[in-house]
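Chain by chain, the residues:
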Amino acid sequence: MNENTESQSSLKPMDRAELGQIIKWTILVSAVVLALIVYYFHEADPRTDDASVTANVVGIAPRVSGTIINVAVTDNQFVKAGTLLFEIDPVPYRNAMEKAVAEEKQAEDTLRRVEPLLPKAFATQEQVDVARTAVNVDAAVLANAQYDLKSCRVVAPFDGYITNLNISNGAFAHAAGEVMTMVDVRNWYVIANFRESALRHIKPGMAADVFLMTKPGVKYHGSVVGIGHGVVPEESPQFSGLPNVKRELNWVRLAQRFPVRVRLDAAPTDDSLRVGVTAIVTVTGHAPAH
């Protein structure tokens with residue numbers, strides 16, 4: 001008991017002050033070092049949670065107009081390239097093709113009758129030329145009629161998912177009018193919005209780690225394929241040559257964000273990949289050598 005009292009009393013007030021200074025500076029230096037480490041990794045490997053998955057979304061439209069007689073797919077169905085999507089009533093186009101076949105045959109018969117008469121002067125060169133032109137024109141009309149008939153069957157142009165399907169048998173489809181929508185699964189991307197100050201650390205070809213909210217425990221890999229060169233400014237256009245200065249009490253200027261496109265290395269039919277899924281992206285790679 002006496003020994004403890006003596007050891008405590010031996011610690012002078014000056015020693016306590018020095019010990020406190022050492023502890024204070026140790027904590028301060030550690031905090032600064034930790035902040036520098038965090039800043040370095042944040043700058044060296046830019047990260048953002050303002051990102052989402054995307055893919056090419058394509059509207060499927062027929063070349064010809066007509067009544068839809070067969071919708072061969074269902075909403076959210078995965079289809080392979082070449083799969084029948086829907087069919088338009090082919091009867092008018094089949095009739096047009098048969099008419100074109102008959103007219104082409106008639107033009108060929110006329111040419112066969114006129115050509116032998118030219119050497120005997122029973123026909124003029126002009127008559128022969130007109131007959132040949134008629135054959136060529138009718139052949140072109142027949143080719144178009146055959147193409148229109150074939151176009152009554154609309155097939156998937158690529159592997160993808162049918163989405164937002166709101167059509168059924170009996171609807172009238174207009175040429176070039178979208179009937180259904182497909183999500184192209186051949187290439188999946190993430191559009192990641194990075195602060196403008198981070199863009200200097202990002203180059204096309206850099207590797208990226210991606211986490212998706214649909215599967216948060218799985219790390220996806222990707223690569224930067226492009227950086228946006230422009231966004232819509234928030235400021236309104238200037239009028240009468242006068243600048244438009246917003247009246248605000250907050251003088252803090254928020255950094256603009258620019259979209260960075262990251263291509264994902266993932267299976268096309270990965271069920272976690274959906275257009276609009278929230279993502280977290282960290283650019284980890286190095287810029288490619290030039």
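The notes below deal with the structure included here. The written sequence of each chain sets the order in which its residues are numbered from 1. Under the rules for a predicted model, residues below a pLDDT of 70 receive no local features and side-chain atom pairs below 80 are neither given nor counted, while totals for whole chains, interfaces and linings still include all residues. Each side-chain value is worked out from all heavy atoms of the structure, with water and hydrogens disregarded.

### Remarks on the overall build of the chain
Here comes step 1: The number of helices and strands found in the chain is 4 helices and 12 strands.
Here comes step 2: For every residue, the accessible area (1.4 Å probe, protein chains only) is compared with the maximum for its type, and the residue is labelled buried under 20%, exposed over 50%, or partly exposed between those bounds. Scored against the burial criterion, the 290 residues of the chain give a buried share of 28%.
Here comes step 3: Pairs of residues are marked as contacts when any of their non-hydrogen atoms sit within 4.5 Å. At a minimum sequence separation of 6, the contacts of the chain that also span at least 24 residues come to 80%.
Here comes step 4: If you sum the accessible surface of the chain, you get close to 19200 Å²; carbon and sulfur atoms cover 57% of it. Every helix listed is a DSSP run of H or I at least four residues long, and every strand listed is a run of E at least two residues long, numbered separately from the N terminus. Accessible areas in this description were obtained via Shrake-Rupley with a 1.4 Å probe; residue shielding takes into account the shown protein chains only.

### A look at the pairing of strand β12 (residues 278-283)
Here comes step 1: For strand β1 (residues 47-60) and β12, the ladder comprises 4 bridges, and the chain directions are antiparallel. Paired with serine 52 across the strands is threonine 278, a residue of β12. Two strands pair if DSSP finds at least two bridges between them.

### Remarks on the pattern of salt bridges
Here comes step 1: Between Lys or Arg on one side and Asp or Glu on the other, a salt bridge is scored when a side-chain nitrogen of the former is within 4 Å of a carboxyl oxygen of the latter. Evaluation of the coordinates by the stated rule reveals 9 salt bridges.
Here comes step 2: Here lysine 219 and aspartate 209 are joined by a salt bridge, their closest N and O atoms 4.0 Å apart. Of this pair, lysine 219 sits in strand β10 (residues 215-227) while aspartate 209 sits in strand β9 (residues 207-212), and the two are 10 residues apart along the sequence.
Here comes step 3: Through salt bridges with shared partners, a single ionic network connects Lys105, Asp109 and Arg112.

### Digging into the side chain of threonine 48
Here comes step 1: By the element assignment, threonine 48 lies in strand β1.
Here comes step 2: In this structure threonine 48 comes out as buried when scored by relative accessible area, which is 4%.
Here comes step 3: Within 3.5 Å is the distance limit for a polar contact, defined as a pair of N or O atoms, with the added protein rule that one can donate a hydrogen and the other accept it, and that residues adjacent in sequence qualify only through two side-chain atoms. Within the structure, the side chain of threonine 48 is placed 3.0 Å from the backbone nitrogen of aspartate 50, a separation counted as a polar contact.
Here comes step 4: Within polar-contact distance, the side chain of threonine 48 engages the backbone oxygen of asparagine 193 at 3.0 Å.
Here comes step 5: Excluding residues within four positions of it along the chain, threonine 48 makes contact with Ala192, Asn193, Phe194, Arg257, Ala279, Ile280 and Val281.

### Quick look at the side chain of serine 151
Here comes step 1: Within the secondary structure, serine 151 is located in the loop between α4 (125-150) and β5 (153-155).
Here comes step 2: According to the relative accessible area criterion, serine 151 is buried, its value standing at 10%.
Here comes step 3: Apart from the residues lying within four places of it in its own chain, the contact partners of serine 151 are Arg63 and Val64.

### With respect to the sheet that holds β5
Here comes step 1: Spatially, 4 strands are ordered β5-β4-β2-β7 in an open sheet, and the strand pairing comes out antiparallel. Each of the sheet's edge strands pairs with one partner strand only, and the pair in question is β5 and β7 (172-173).
Here comes step 2: By the bridge criterion, 2 bridges tie strand β2 (residues 66-71) to β7 in an arrangement that is antiparallel. Looking across to β7, one finds that glycine 66 is bridged to alanine 173.

### A word on the packing of aromatic side chains
Here comes step 1: The pairing test for Phe, Tyr and Trp rings, Trp by its six-membered ring, is centres within 6.5 Å, and the orientation test on the planes gives stacked under 30 degrees, edge-to-face over 60, and tilted for anything in between. Per the counting criterion, the structure on display carries 1 aromatic pair.
Here comes step 2: One cation-aromatic arrangement involves arginine 261 over tyrosine 189; the distance from NZ or CZ to the ring centre is 4.7 Å. The criterion is that NZ of a Lys, or CZ of an Arg, lies within 6 Å of the ring centre and within 35 degrees of the ring normal, and then a charge sits over that ring.

### A short note on a nonpolar patch on the surface
Here comes step 1: Residues with no salt bridge and a relative accessible area higher than 30% make up the patches, which join like charges within 9 Å and nonpolar side chains (Val, Leu, Ile, Met, Phe, Trp, Tyr) within 5 Å. A cluster of nonpolar side chains, Leu19, Ile23 and Ile27, forms an exposed patch at the surface whose accessible area comes to about 300 Å².
Here comes step 2: For isoleucine 23, the position within the fold is in helix α2 (residues 13-44).
Here comes step 3: Judged by relative accessible area, isoleucine 23 falls into the partly exposed class, the value being 45%.

### Describing the layout of surface pockets
Here comes step 1: There is about 230 Å³ of room inside the second largest pocket.
Here comes step 2: Lining residues are those with an atom within 4 Å of a point, where the points come from a 1 Å grid over the protein atoms alone and group into cavities, where a 1.4 Å probe fits but cannot get out, or pockets, open sets with protein on both sides within 12 Å along at least five of seven lines. Surrounding the second largest pocket, Asn76, Tyr161, Ile162, Thr163, Val183, Trp188, Asp270, Asp271, Leu273, Arg274 and Val275 form its lining.
Here comes step 3: Residue assignment for the lining of the second largest pocket shows that the elements contributing at least two residues are β6 (160-163) and β8 (180-195).
Here comes step 4: Per element, the largest residue contribution to the lining of the second largest pocket is 3 residues, and it comes from β6. Grid points are joined across faces, edges and corners, and a volume is the space filled by probe spheres set on the points.

### Regarding the nonpolar core
Here comes step 1: Membership of the largest hydrophobic core comes to 26 residues, with the highest contact counts inside it found for Trp188, Val190, Phe194, Val210, Leu212, Val262 and Val281.
Here comes step 2: Going through the elements one at a time, β1, β8, β9, β10, β11 (257-265) and β12 are the ones with two or more residues in this core.
Here comes step 3: Contact partners of leucine 212, with chain neighbours within four places excluded, come to Val53, Tyr220, Ser272, Leu273, Val277, Thr278 and Ala279.
Here comes step 4: Core analysis: the second largest hydrophobic core is formed by 20 residues, Val73, Val179, Met180 and Met182 among them. Side-chain atoms within 4.5 Å link the members of a nonpolar core, which is a set of buried Ala, Val, Leu, Ile, Met, Phe, Trp, Tyr and Cys residues.

### Some points on the packing of helix α3 (residues 91-114) against α4
Here comes step 1: Orientation is described by axes fitted as lines to C-alpha atoms, over the contacting stretch for helices, and by angles from 0 to 180 degrees between their N-to-C directions. Contact geometry of α3 with α4 gives a least axis separation of 8 Å together with a crossing angle of 160 degrees. Between α3 and α4, the angle is such that the two are roughly antiparallel. α4 is crossed by α3, and the crossing has left-handed handedness.
Here comes step 2: In the contact of α3 with α4, the residues fall into 17 nonpolar, 3 polar and 7 charged. The scheme is simple: roughly parallel for angles under 35 degrees, roughly antiparallel for over 145, roughly perpendicular for 65 to 115, oblique for anything else. Each crossing gets its handedness from the near helix: less than a right angle anticlockwise from the far helix is left-handed, clockwise is right-handed. We call Asp, Glu, Lys and Arg charged. Ala, Val, Leu, Ile, Met, Phe, Trp, Tyr, Cys and Pro are nonpolar, and the rest, Gly among them, are polar.

Any link to function would need more than the numbers given here.
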